[in-house]
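What the coordinates show
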Amino acid sequence: MMMIPNRHYAELKDSYLFYHIAQKTKAYLSEHPGAKLYRLGIGDVTLPLCNAVIKALHQAVDDQASQERFHGYMPECGADFLREAIAGYYAQRNVQLSADEIFVSSGASDELGDILDLFDRSNAAMIIEPAYPAYVDANIMAGRKIVHLPSDCSNGFLPEPDPSSEADLLYICSPNNPTGAVFDRAQLQKWVDYANAHGSIILFDAAYEAFIEQPGLPHSIFEIEGAKTCAIEICSLSKTAGFTGTRLGYTVIPKKLARGGMNMNDMWVRNRTTKTNGVSYIIQKGGAAVFTPEGQREIHQNIQLYKQNAKMLMQTLDALNVWYCGGKNAPYIWMKCPDGLGSWDFFDLLLNRIQVIGTPGEGFGACGEGYFRFSTFGSPEDTKEAAKRLYELLK
Ligand code: PLP
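So, a few notes on the structure that sits alongside this text. (Residues numbered from 1 in each chain as written. Predicted model: local features only at pLDDT ≥ 70, side-chain atom pairs only at ≥ 80, totals over all residues. Heavy atoms only, no water.)

1. Comments concerning the sheet that holds strand S12 (residues 332–336)
- The strand order across the open sheet built from four strands is S11-S12-S15-S14, with neighbouring strands paired in antiparallel fashion. Both edges of this open sheet fall to strand S11 (324–326) and strand S14 (359–360), since each of them pairs with a single strand only.
- Two strands pair when backbone bridges link them, and S12 and strand S15 (residues 371–375) are joined in this way by five bridges, in the antiparallel orientation. For Trp-334, the partnering residue across the bridge sits in S15 and is Arg-373.
- The sheet contacts of helix H10 (residues 293–320) involve S11, S12 and S15, and relative to S12 the element is tilted by about 15°. (Pairing = 2+ DSSP bridges. Helix = DSSP H or I, 4+ residues; strand = E, 2+ residues; numbered from the N terminus. Contact = heavy atoms within 4.5 Å. Axes fitted to C-alpha atoms, helices over the stretch in contact; angles between N-to-C directions.)

And the structure:
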């Protein structure tokens, strides 16, 4: 017998986006040693964890040193104290969930890959593009057919369901990475109605929900009527609370969600109790602090600091009369490249002329060509200088 590898890995495109950016940046620095670069490409946070979280983490470390308060294995689906805190967070937006509809995870990336265990490989996955690259790659690895649904500025990068591109798994990311666009209630209702009518399941990525500031925009798919019979929501504390290195997320699978006579919540309990031994006690304690009033106040102070960066960039683009979306309710700004430039040409122009680094839209799918993403996670000083340089270059 010969071991047969998963040949679908050979179908993956090189993940060249960030590699290519790093190569170009390195080449520039070797030609211009010591040059100062303004990095607006990063998807990682830069502000430290807030005090409420740090206090809870310290306390949890001390618990682990105590005979009485020590914790060994944690429940596979998450500690009750955290699942209940998250259920309370949803209740504030009138979404009623029981704690056992919430599964604690080590982050959204892990879940976006692992959750595919619930679905047969013959299901097709529909991905609204431009998109976070992991959606496509995780489905290619699993050998699943991918239906690409391109979006563009004519629909504000918020497309409606397209009956001609039928699929079983529907990926929706709102607020979106990379475009920063956010679906409103009526738009999401169309997706929920479509999924219920077709028996599809929506995988709703809410990694950036805490950046929504406009009243009335939905933070969760479960704010939409009928979503409990057609959606799974994947969330993360990475961007909302600075947990990119600490690692914590959560996934909501309603008890009512069933397909083919099988209950998805029960299936996920079976999956978790087989494939993980839970997230560490210390990290879950730190995560629970995010949902206290003090934690919420502090994480929103940090988000406001990132939003100041967004404002500087948006004011600059407004003054230049450049089309863009995002920034207001998301940490990303997605702009149209000027003069019909391709996204890599615009990358080169910004690097060579004003030493600003962003992310070419083409890296998020073919329909991202001609667009460019700025992240607002950088330092205020660098963002201010980058905005000034951008204005001087394009005015
Ligand atoms: N989903 C989206 C849309 C993201 O942009 C990211 C990270 O950038 C993730 C998921 C992954 O988040 P995590 O750090 O929780 O794995």
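Next comes the rest of the write-up.
2. Quick look at the sheet that holds strand S4 (residues 146–150)
- With mixed pairing, seven strands are arranged side by side in an open sheet as S2-S8-S7-S6-S5-S3-S4. If you trace the sheet from one side to the other, it starts and ends with strand S2 (102–105) and S4, each paired once. Taking the axes of each pair of neighbouring strands and ignoring which way they run, one obtains an average angle of 20° across the sheet.
- Bridge analysis of S2 against strand S8 (residues 249–252) gives four bridges, and the strand direction is antiparallel. By the bridge assignment, Ile-102 is partnered in S8 with Val-252.
- Set on the sheet, helix H3 (residues 80–91) makes contact with S2, strand S7 (231–236) and S8; between it and S2 the angle comes to about 120°.

3. Concerning H10
- Across its 28 residues, H10 extends 40 Å between first and last C-alpha, which sits within 8% of the 40 Å expected from 1.5 Å per residue.
- Positive backbone phi, approximately 60°, marks Asn-321, located one or two places after H10. (Expected span 1.5 Å × (residues − 1).)

4. Some words on the packing of aromatic side chains
- As enumerated under the stated definition, the model contains 22 aromatic pairs in all.
- Here Tyr-89 and Tyr-90 contribute two aromatic rings whose centre-to-centre distance is 6.4 Å and whose plane-to-plane angle is 80°, an arrangement assigned as edge-to-face. As far as the burial class goes, Tyr-89 and Tyr-90 line up, both buried.
- Centroid distance Phe-346 to Phe-372: 5.0 Å. Interplanar angle 85°. Geometry classified as edge-to-face. Of this pair, Phe-346 sits in helix H11 (residues 343–354) while Phe-372 sits in strand S15, and the two are 26 residues apart along the sequence. For the pair formed by Phe-346 and Phe-372, the shared burial category is buried. (Phe/Tyr/Trp six-rings, centres within 6.5 Å; stacked < 30°, edge-to-face > 60°. Buried < 20%, exposed > 50% of the residue type's maximum accessible area, 1.4 Å probe, protein only.)

5. Digging into the pattern of salt bridges
- Overall, the coordinates contain 18 salt bridges when judged by the stated rule.
- In this structure, Arg-272 engages Asp-114 in a salt bridge whose closest nitrogen and oxygen atoms are separated by 3.4 Å. Note that Arg-272 is positioned in helix H8 (residues 264–275) and Asp-114 in helix H4 (residues 108–114), a separation of 158 residues in sequence.
- Under the relative-accessibility criterion, Arg-272 is labelled buried at 6%.
- Among the residues examined, Asp-114 registers a relative accessible area of 31% and is labelled partly exposed. (Salt bridge = Lys/Arg side-chain N within 4 Å of Asp/Glu carboxyl O.)

6. What about the state of the cysteines?
- Within the structure shown, the criterion is met by zero disulfides.
- Not part of a disulfide, Cys-173 finds its nearest cysteine sulfur in Cys-235, a span of 11 Å.
- Accessibility expressed as a relative area gives 5% for Cys-173, which makes it buried.
- Cysteine Cys-367 remains unbridged, with the sulfur of Cys-153 as its closest cysteine sulfur at 11 Å.
- Of the residues examined, Cys-367 reaches a relative accessible area of 21% and is grouped as partly exposed. (Disulfide = S-S within 2.5 Å.)

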